[in-house]
Structures are given as structure tokens and as C-alpha cells.
Amino acid sequence: MLEICDLHVNVDGNEILKGIDLKISKGEVHAIMGPNGSGKSTLARAVAGHPDYEVTQGQVIYQGKNLLDMEAEVRAREGVFLAFQYPVEIPGVTNAYFLRAALNEWRANRSLEELDAADFLELLKEKMKLVGMDPAFGNRAVNAGFSGGEKKRNEILQMLVLEPKLAVLDETDSGLDIDALKTVASGVNHLRAPERSILIVTHYQRILNYITPDFVHVLVGGRIVKSGGKDLAFRLEEKGYDWVREPASAGEMES
Amino acid sequence: MKEARAFIDREYKYGFVTDVEADTAPRGLNEDIIRFISKKKNEPKFMLERRLNAYRRWLQMEEPRWQNVHYPPIDYQDIIYYSAPKPAKDGPKNLEDVDQEILKTYEKLGIPLDEQKRLAGVAVDAVFDSVSVATTFKETLAKAGVIFCPFSEAVEEHQDLVRKYLGSVVPYADNFYATLNSAVFSDGSFCYIPKGVRCPLELSTYFRINTADTGQFERTLIIADEGSYVSYLEGCTAPIRDKNQLHAAVVELIALKGAQIKYSTIQNWYAGDKNGKGGIYNFVTKRGKCVGDHSKISWTQVETGSAITWKYPSVILQGDHTIGEFYSVALTNHYQQADTGTKMIHIGKNTRSTVISKGIAAAHGRNTYRGLIRALPNAAHAKNYTQCDSLLLGDRCSANTFPYIEVKNKTASVEHEASTSKISEDQLFYCKQRGISAENAVSMIVNGFCKEVFKNLPMEFAVEATKLLGVSLEGSVG
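Let me sum up the structure you'll find in this document. (Residues numbered from 1 in each chain as written. Chains lettered and ligands numbered in written order. Predicted model: local features only at pLDDT ≥ 70, side-chain atom pairs only at ≥ 80, totals over all residues. Heavy atoms only, no water.)

1. Quick word on the interface of chain B and chain A
Listed as interface residues are 19 residues of chain B and, on the opposing side, 33 residues of chain A. Linking chain B with chain A are 3 salt bridges. For Lys432 of chain B, the salt bridge identified is with Glu73 of chain A, shortest N-O distance 3.4 Å. Where the side of chain B that touches chain A is concerned, the elements lending two or more residues are α8 (425-433) and α9 (438-454) of chain B. Element by element, the count of residues in the side of chain B that touches chain A is highest for α8 of chain B, at 8 residues. Residue classes in the side of chain B that touches chain A are distributed as 6 nonpolar, 6 polar and 7 charged. (Contact = heavy atoms within 4.5 Å. Salt bridge = Lys/Arg side-chain N within 4 Å of Asp/Glu carboxyl O. Helix = DSSP H or I, 4+ residues; strand = E, 2+ residues; numbered from the N terminus. Nonpolar A, V, L, I, M, F, W, Y, C, P; charged D, E, K, R; others polar.)

So, in C-alpha cells, the structure goes:
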């Protein structure tokens, strides 16, 4: 599904990612963990094609194609979805209108017919139930005046409607109370499928109690310093990031 | 905004020129030109007198300079003040007499004048340069007692109404451009809705400037008699030309007791090219007067064209319990400038006014809202609500708001809200990450921003306005 080789990314001229290698196969759930400032979100945004994140080296192959050659909207239509850490507000545009416009772009890309307003609302209602959102949110402007938790739920709702092939969740769990966290997790689990891959970027192990990853990677200082199974997350929780950080800095000194 | 380069600079769609033989006055302005226009129109003496008075007054007036727009001095002697497609001696009496080329022009503009092809429910008066070339659905309207005809025809056939109301809202000495218009206006639409009649059709005037170096000075007068209702639409286009052209119109609305007038404009005059060359100077005076108690006047405007727009559709709330409304979307892209807004003059008791203004500035666009809310001493319990929002695209454009409030009655209340926002790189990326192109994202956000105004437009116009904004915004971010 996704193969990242030696990825280097600059933000404002500073190198944040210093050579990432990561392979995600169909049906797998990967978690990227790491302390603040390690480059987790940079990885998520670079994969999504954010213009401020400049790839200086390496390649990213998505479903056999060079992802870095695609514009952000093309990546999206090809099935790459990013659940934002800080979803933006779009005043004046309703959630329902926005999401239908997006869905129809995805459908057009797969040569499917446009979904009309009535059929779409039916679909939207069904998906809103899954994340425990009041149908009234369909008529509210995108994220405008939403609480932090509502914004995150809204991201998951969009993900459920668009049914991406590769879902990247950028700290979706941060700032959520336990109920919201459970809802978000159940939304993600709902999407878990053999043909779909999920990449969870998180600071805390907490969300992994509800979404069991197949692989866990630890990102420190722009490099993946450790990879392992779900147990790795528990060990991190127990020992803290210093446990993995030390050998990393030692490694850096050697080179 | 490097991320939004997907935009293509599409050419102005209405920029073609129609090749018709025209009957044109020599360049420049003097009393002889005014006599020439008046004679062309077979006007009665009082009209000629009125024109000459206006002209003499105009000679003593100064061009206003207080507006927040910049342009080189206009040479008023280099303008052609009258141009009419031939044959126009008596004015075409029906469609068969209208030049085929002109009919084709309106077809191209999407305004077929052939009644068979018209969407039911809209009567059109088509004004080409200085004259009205066709008015549709006259018979249907006549049955209801509605008069809808070229202004010049009204001067001949409904002299009493013209004499009584012309200049009753915008006096001939009102301001520089209105006074110029009073001297040289050539045609426009006249409309009278009799007592208690709900006009069975939407009335619409379509203005087209064709001849080069011609100024268009139309005059519109709408009188809604007691208890009547009319909805009136106005559309405008012009060919692409390198030189600026002047459009100085005057519109007067009169609402008698219990009458309602809804006036909608979609202004899409040629805006000049992306470097600011050419385009129409749209210097217009529009004012309505709620003369009778419980009457209502509502202006809705979508201003996307013109190099410079200078207009303040206003309402004088003279009768008690009268209502004035102003809903506006003004878009300035490239080097366009707009200084627009409204004046709500509360004279009567329990008068109410609402002002919703949405300004959008892109590229080097300069967008100014200027509004006056005045409550006179007798305007007990007058109420105004003003909301003024600006949306910026890019960082070379500007938005300004100049609200003037004068309240002379203690029981009056005035509310003003304003906001400025910007389409951010983050918003565009968010949309793109969902598969929506930057171009569609911008038009979605802009349309969302304008929703409150668009919902006041008649259905057909609202669709048109949405499309027009999309086209006008192309090339706006990059």
C-alpha cells in the first residue's frame, strides 16, 4: 500500500525528517509514536502533500505510484485521507455540502456517478450515528464553533463517509475525554478492513488500548529508532521516551 | 498562494462587439448636444428645460474626490453622449423591427428577446447603448394595468407621471454624476404598478454598452402605487475595450402606501484586464423613497464587474412603519476598485432598515463599504441593523469600512457589526486534502460567505450570481 524510503523533509528550511523508512501493507494498522517535536506530524502532513512540507530526498510509493508527484487533491482522490490534528473552520459552508462535494470528487475519480443530495443525506445520517453526532451538525458550517472533541469526531465522520484506502490519523486522540476517545476508536475500528491501511500518529499509548496496532514505530529526532509489535507501545508507556531516546542520541554521536 | 495556481485567467465572456450601424452624436458636451438628444427623443419642452438646467448646474459642480478610489481625470469632452443603433428614428415598435444583429447580441448574452424562448415570468426591456431596443411581454403586463416601457416612450405617453415623479427622489442637482445624467440621459426603463396590483411578471432591464467611447446614461423610474408589489431585475455587460468607459445612471424608486419594491442588480460590466487596463467606470445614483406608510423598498446587488464602482443604493424612509433593506455582494479582483454601500434615512416613526454587505477583495482589488444610517428627530423607535463583512484573498488587496451613524432621536436604535476574514492556506489545504481543488474550494468558501445576500435574489438570478462569482474569481489567487 505505502512504501516510504529514506524520506527527508524540510519545514522553513529546517530538516525535520532525516531519512524515514516505512512499509505499510494492505490491511495493516501501524502506530507512530514519539515525543513532541520528533517529526510525527511532519510525516503525516508530508504524506498528505501539505505545501509547507518540502521533500528534499527519498521517495514515497503508494499503490505502485509515485505519491510525491501528485497534487494534494489528487492524493486525496486516490484514497489518501488525513485526519487533521487541528481541523480548520470554514465559515459559511455547511458540513453536509462540504462533505458531499468531497465525496463526489472521490467518486468521480473512480468513475462513479455523483451522489444526489437526498442519497447523500441518507448516507450521512447513517455515518453520523456511528460517531454519535447529532444530525444537526450536517447543517452547521464546517467545524465553526465546534468544540475540540466535536472537531475530531467530525474528522472521523469524514473518514467514514469517504472510506479511504490509506487513513492517516494525526494526533486524533489528543485533547479527547474518554467517551470521545472511545467513539473515535470505534469509528476507526469500523473502517479496519483487509483492503485498507491505517497509520495512527500519537503521543500517547492510550488510544492503542482501543485500536490494536499490528506494528508500532518510535520516531525520535526525525528518525524511526525502534519498531515492534503492539507490546512496544506498552513498554513505552511504562518506561517513557527517554528509554528509546538515549540510544538514538548515542547513534547520532557516532555518525 | 502558490497552491492555488490551478486557476486559469478566462477571458471576459461578454467582451464581443456587435457590428451595427449606429446613429451617433459628435464627441463632447455642450448645449447643442443636449438639444440634439432631446430632439432625437421628440421630447416636450419641459424635458429640454430640465436637461439644460441640469447641464448649467453641472458646469459649476466639482467631480467628487472623497471616495476611496483612484483614477486619472476623465475628459468629459472626449465622450460620445448619444449612440443609437439604426434604424431608430421612431424606436422599434416590435421585435420584427429590431436589427437581427442586436437580437443575436442578446441571444449571445443569454437574454433571448423572442417571447417564445423567454423563460416564463420575466419581462425584459433591452437597452443598447443609448436606446431601448425591445420590451417583451407588453401585452401581458398591459392587462394587469402595469406600464413597463422605454423611458423615452413614457415621456411621450405618460407625461403626467413622469412630470410628477422624475427627480422627486434624486433631484437634478443631487450630485455631479446624477446631474450629468439629468442633462444627457437618453433612455432607460419606466415602470408603473397601479394600486393594489401584484405585478404578474418579474420586470427586467438588460443594459448593454456597445459603441466605443460612448457613455451610457440611463434613467430608470419605478413607481409602485398603493398596495402594489413589483420585483425588478437589472443586468449589465459591455465589450472589452482598452479605454475606460463611463456609465452614470440614475435610478429612482417610489413606493406609495403599503407598496413593495424589490430591486435586484447583477452588475457585470467589463472590469478591465488583469493589469487594470480598460473597464467601465460605474458611477451610479440609486435611491428609493418609501413615501407612504407601511411601504418597503429592498435593494439587492451583486457587483462583480466594472473597473470602478461608486454607488450607494439608498432608501428614504419617509412614511411611518416603512422598511428599507440593502443586501450587497461586491467583488474586486485584479485592479478593480469599489466604493459602495447605502444610506438609510429614517424620517418616519417605527421605521426599520437592514444592511448586509459582503465585500470580497482579491489580487490588487480595493473594496470599500461606505454607509450612512441617519435617524431624524421625528424617527421615534427607528431601528437599524448593519452587518458588514469582508473577505480577503491574498495579501495585496484591501478592504475598508466607513460606517457613518447620525441619530437625532433617543428612542432610535442602531446596531453595527463588522468582520474581516481571509481565505487561508490552511483552509485551502484542508479542502484539497478532501479532494476538492483550490479553485472549487475558493468558490465554495466565497459562495458560503455570500449566502445571506444570494438568498434574497430571485431564483434564476441566484444561480447566475453563483456562476458569475466563480468566473470573476478566476486567477484571483496565485
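2. Brief notes about the environment of Val251 of chain B
Residues and elements named next belong to chain B. Along the polypeptide, Val251 turns up in strand β11 (residues 250-255). Its relative accessible area of 0% is what places Val251 among the buried residues. As for Val251 and Ile222, which are separated by 29 residues in sequence, their C-alpha atoms are 8.1 Å apart. In contact with Val251, not counting residues within four places along its chain, are Val170, Thr220, Glu234, Tyr263, Thr285, Lys286, Arg287 and Trp299. (Buried < 20%, exposed > 50% of the residue type's maximum accessible area, 1.4 Å probe, protein only.)

3. So, the pairing of strand β13 (residues 279-290) of chain B
All names here are of chain B. Counted residue by residue, β13 has 12 buried out of 12 residues, so it is predominantly covered. Looking at chain direction, strand β10 (residues 244-247) and β13 are connected through 4 bridges and run parallel. The residue bridging Leu246 from the neighbouring strand is Tyr281, located in β13. With 6 bridges joining them, β11 and β13 adopt parallel strand pairing. When the sheet's bridge partners are listed, Val251 is paired in β13 with Lys286. As defined by bridge partners, β13 adjoins strand β15 (residues 308-311) across 4 bridges and the pair is classed as parallel. Residue pairing in the sheet places Tyr281 in a bridge with Ile308 of β15. When β13 meets strand β16 (residues 314-317), the two strands line up parallel, connected through 4 bridges. By the bridge assignment, Lys289 is partnered in β16 with Ile316. (Pairing = 2+ DSSP bridges.)

4. Quick notes on the pattern of salt bridges
Inspection of the entire model under this criterion finds 24 salt bridges over all chains. In this structure, Asp214 of chain A and Arg192 of chain A form a salt bridge, with 3.7 Å as the shortest nitrogen-oxygen distance. Pair noted here: Asp214 of chain A is in the loop between β10 (197-202) and β11 (215-220) and Arg192 of chain A is in the loop between α6 (178-191) and β10, with a separation of 22 residues, a long-range link. Asp214 of chain A gets classed as partly exposed once you look at its relative accessible area, which sits at 32%. As a salt-bridge pair, Glu43 of chain B and Arg51 of chain B come within 2.7 Å of each other at their nearest N and O atoms. Grouping residues by exposure puts Glu43 of chain B and Arg51 of chain B together as buried. Within the structure, one salt-bridge network assembled from shared partners comprises Glu71 and Glu73 of chain A together with Lys432 of chain B.

5. Here we look at helix α5 (residues 148-162) of chain A
Residues and elements named next belong to chain A. In this model, α5 (15 residues) spans 21 Å end to end at C-alpha, consistent with the 21 Å of a helix rising 1.5 Å per residue. Counting buried residues along α5, 13 of its 15 residues qualify, which places the element largely inside the surrounding structure. One or two steps after α5, the chain reaches Glu163, where phi turns positive at roughly 45 degrees. (Expected span 1.5 Å × (residues − 1).)

6. Details of the sheet that holds β10 of chain A
Residue and element names in this part refer to chain A. Taken in spatial order, the 6 strands make up an open sheet running β6-β9-β10-β3-β11-β12, and their pairing is mixed. Of all the strands in the sheet, the pair left with one neighbour each is β6 (80-83) and β12 (223-228). With direction set aside, neighbouring strand axes in the sheet form an average angle of 20 degrees. Direction of pairing for β11 relative to β12: antiparallel, over a ladder of 5 bridges. Opposite Val220, over in β12, you have Arg223 as the bridge partner. Its contacts with the sheet put helix α1 (residues 40-48) on β3 (29-33), β6, β9 (166-170), β10 and β11, and the angle it makes with β9 is roughly 145 degrees. (Axes fitted to C-alpha atoms, helices over the stretch in contact; angles between N-to-C directions.)

7. Quick look at the packing of α8 of chain B against α9 of chain B
Residues and elements named next belong to chain B. Axis separation between α8 and α9 bottoms out at 9 Å; the angle between their running directions is 115 degrees. Pair α8 / α9 crosses with right-handed handedness. For the pair formed by α8 and α9, the contact residues are Gln427, Leu428, Cys431 and Lys432 on the first element and Ala438, Ala441, Val442, Met444 and Ile445 on the second. Taken together, the residues of the contact of α8 with α9 break down into 7 nonpolar, 1 polar and 1 charged. (Left-handed = near helix turned anticlockwise from the far one by under 90°.)

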